[in-house]
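# Inside the fold
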Amino acid sequence: MAATEKKSAAPASKRNATLSVDSKTVEFPMYDGTEGPSVIDISKLYSDTGYFTFDPGFMSTASCESKITFIDGDKGILRYRGYDIDVLAEKSDFLEVSYLLLNGELPNAQESKEHIRKIKNHTMVHEQLHFLYRGFPRASHPMAVMAGAAASLAAFYHDSLDVNDPAQRELSAYRLIAKMPTLAAMAFKYSIGMPFIYPQNEMNFSENFLHMMFATPCEKYTVNPVLARAMDRILTLHADHEQNASTSTVRLAGSSGANPFACMSAGIASLWGPAHGGANEAVINMLREIGDVSKIPDFIKKVKDKSSGIKLMGFGHRVYKNYDPRAKVLRQTLEEVLGELGKIDEPLLKIAIELERIALSDEYFVERKLYPNVDFYSGIIYRAMGIPSKMFTVLFAVARTAGWIAQWKEMMEDPKNKIGRPRQLYLGAQQRSFIPLEKR
Ligand code: CMC
């Protein structure tokens, strides 16, 4: 395909790409984004040529237009609505970032007050949900509980299920961002046989979350402000990440008109996988398995041996071919948390630091541009805070809910929104005759 150069602003196309196939020449419009690679609009390829494109894993496919998050993987850049992630992590907080993701701008003082008021108005969950939780075995993985609990919200909140009503969409967005920490803390409390702790609306978002996680009804629990700030920063860093697997899942589920609670449940399911949000739990399991710094060289050998199927969890990224900018912030947060808790000598941390050193200098990882990603450090921080590894991906889901719902809302507001319906390269059997059972 050859591109005819003529720069233009999105979304109008002032240049075309030309494709020659089967002695036919077809032109496709090209669009430039405000940043990042331009795209070739191949939506008419099938009607014009009878061919599909083939791109398993979406290596070269932009699935939608979006104004929310920008990533430059080669330069290690991540921005929400134009703001660099490290600046937001330092100067903003998760609730402000959730407003930014949803509305496109940082709130002014009045908007911020109103946003916080609305979130606080929805922190409790229907009391009946306690019974839903009690139906799960105590040993359930909390992501299984979360997927069920998020979907079940649709059964409780009938007044915000009309996806075509902007006011109901907004109400669902607030309900989801506000209730996810409550549902997450309930999943934790349930798993250890402790009573649920109700939200405390005089606390900020992260303080309230830590309080619901660690307070008990029998004694006063004071939230450590350093840990609350670290938690808030982790939530901010995980809040959105462009069209990753879980966000694309949310969009695809939502493209059929499914309600937002069902879509969040789909996102949670996708996030659970170890190649995605499940990696933070997998990192801790890997560090535990290695067990000692002296065992690292053997482990690295296995990672490099493709037949072992072992990957260095918390390393590598489909988009970042440079240091994950979130990992940079988290490394510093890790030091703050461990400094506060006096756990600098944590044995798993020693293994992690040595792994990082080796991976950043070893030819295998350098050649493939495999840098630590966000999940490499988040698990170690959570662990230091006393959060069990099964909860790590749940915390990712709490944060990513802000991005999921913002992306879902953006899609629902887009008049060009269509049901997502990929096609395939069929390699199965051609038509054949049915053979009755007695003759097979
Ligand atoms: N350890 C060892 N080798 C790796 C790793 C790793 N973690 N990641 C990639 N490679 C190798 C891979 O085997 C391949 O080698 P070769 O070119 O010789 O065949 C090369 O690097 C390119 O990898 P890829 O599998 O084509 O890359 P991908 O974009 O399909 O996969 C990934 C990206 C994140 C799934 C992968 O790097 C991975 O499995 N990493 C470990 C899991 C992880 O940490 N996931 C969290 C991602 S960040 C948070 C999130 O988005 O949820």
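Residues numbered from 1 in each chain as written. Predicted model: local features only at pLDDT ≥ 70, side-chain atom pairs only at ≥ 80, totals over all residues. Heavy atoms only, no water.

### What about the packing of helix α7 (residues 166–191) against helix α11 (residues 260–271)?
Between α7 and α11, the least distance of the axes is 10 Å, while the angle of their chain directions is 45 degrees. Classified by the interaxial angle, the pair formed by α7 and α11 is oblique. α7 and α11 meet at a crossing whose hand is right-handed. Contacts between α7 and α11 involve S172, R175, L176 and M180 on the former and, on the latter, P260, F261, M264 and I268. Its residues assigned to classes, the contact of α7 with α11 shows six nonpolar, one polar and one charged. (Axes fitted to C-alpha atoms, helices over the stretch in contact; angles between N-to-C directions. Helix = DSSP H or I, 4+ residues; strand = E, 2+ residues; numbered from the N terminus. Parallel < 35°, antiparallel > 145°, perpendicular 65-115°, else oblique. Left-handed = near helix turned anticlockwise from the far one by under 90°. Contact = heavy atoms within 4.5 Å. Nonpolar A, V, L, I, M, F, W, Y, C, P; charged D, E, K, R; others polar.)

### Describing the state of the cysteines
Taken as a whole and judged by the stated rule, the model has zero disulfides. Considering cysteine sulfurs only, C263 is the nearest to C64, which forms no disulfide, with 14 Å between them. (Disulfide = S-S within 2.5 Å.)

### Here's the deal with the site of the ligand
Near the ligand there are 22 residues, and of these H276, K306, L312, G314 and R318 occur at the shortest range. Within the backbone of G314, an N or O atom sits 2.9 Å from an oxygen atom of the ligand. The contact in question runs from an oxygen atom of the ligand to an N or O atom on the side chain of R318, over 2.7 Å. Taking 940 Å² as the accessible area of the ligand by itself, protein coverage stands at 75%. Within the shell around the ligand, the residues separate by chemical class into 11 nonpolar, six polar and five charged. (Near = heavy atom within 4 Å. Polar contact = N/O pair within 3.5 Å; in protein donor to acceptor, adjacent residues only side chain to side chain. Areas by Shrake-Rupley, 256 points an atom, 1.4 Å probe, with all protein chains shown as cover.)

### With respect to the nonpolar core
One finds Y133, L287, L312 and L355 to be the most contacted residues of the largest nonpolar core, which totals 117 residues. Take this core: its biggest share by element is 14 residues, from helix α18 (residues 392–413). What L287 contacts, discounting residues up to four positions off in sequence, is L348, I351, A352, L355 and I380. (Core = buried A, V, L, I, M, F, W, Y, C linked by side-chain atoms within 4.5 Å. Buried < 20%, exposed > 50% of the residue type's maximum accessible area, 1.4 Å probe, protein only.)

### Side note on the sheet that holds strand β6 (residues 77–80)
Across the sheet, three strands lie side by side as β5-β6-β7; this open sheet has antiparallel pairing. The open sheet has two free edges, formed respectively by β5 (69–72) and β7 (83–84), since each of these has just one partner strand. Pairing geometry for β6 and β7, over two bridges, is antiparallel. For Y80, the partnering residue across the bridge sits in β7 and is Y83. (Pairing = 2+ DSSP bridges.)

### Observations regarding the confidence of the model for the protein
Across the protein, the average pLDDT comes to 93, with 97% of residues at or above 70. A low-confidence stretch, residues 3–10 stays under pLDDT 50, and its non-local contacts, those more than four residues away or across chains, total 16 contacts. (pLDDT = per-residue confidence, 0-100.)

### Here we look at the pairing of β5
Side chains of β5 alternate between two faces, with T69 and I71 and F70 and D72 buried alike. With antiparallel pairing between neighbouring strands as the criterion, β5 and β6 make up a hairpin whose turn holds four residues, including G76 at a positive phi of roughly 70 degrees.

### Comments concerning the pattern of salt bridges
Where charged atoms of side chains with opposite charge meet at close range, the side chains can pair. Across all of its chains, the model carries 18 salt bridges by this definition. In this structure, D324 engages R326 in a salt bridge whose closest nitrogen and oxygen atoms are separated by 2.8 Å. Of the two residues, D324 and R326, neither departs from the other in class, the shared state being buried. Linking E354 and R357 is a salt bridge whose minimum nitrogen-to-oxygen distance equals 2.8 Å. (Salt bridge = Lys/Arg side-chain N within 4 Å of Asp/Glu carboxyl O.)

### Quick word on the environment of P422
Position of P422 relative to the elements: it lies in the segment after α18. Judged by relative accessible area, P422 falls into the partly exposed class, the value being 49%.

### Side note on the packing of aromatic side chains
The full count for this structure, using the stated rule, is 13 aromatic pairs. Plain terms: the ring middles of F94 and F205 are 5.1 Å apart, the flat faces sit at 40 degrees to each other, and that makes the pair tilted. With F94 in helix α3 (residues 94–103) and F205 in helix α8 (residues 205–214), this residue pair connects regions lying 111 residues apart in the sequence. Exposure class is identical for F94 and F205. Each is buried. (Phe/Tyr/Trp six-rings, centres within 6.5 Å; stacked < 30°, edge-to-face > 60°.)

### Brief notes about the pairing of strand β2 (residues 15–21)
Within β2, five of the seven residues are buried, which leaves the element mostly enclosed by the surrounding structure. Both β2 and strand β3 (residues 24–31) contribute to a ladder of seven bridges, which runs antiparallel. Bridge pairing in β3 places V21 opposite K24. Count of turn residues in the β2/β3 antiparallel hairpin: two residues, of which D22 carries a positive phi of about 50 degrees.

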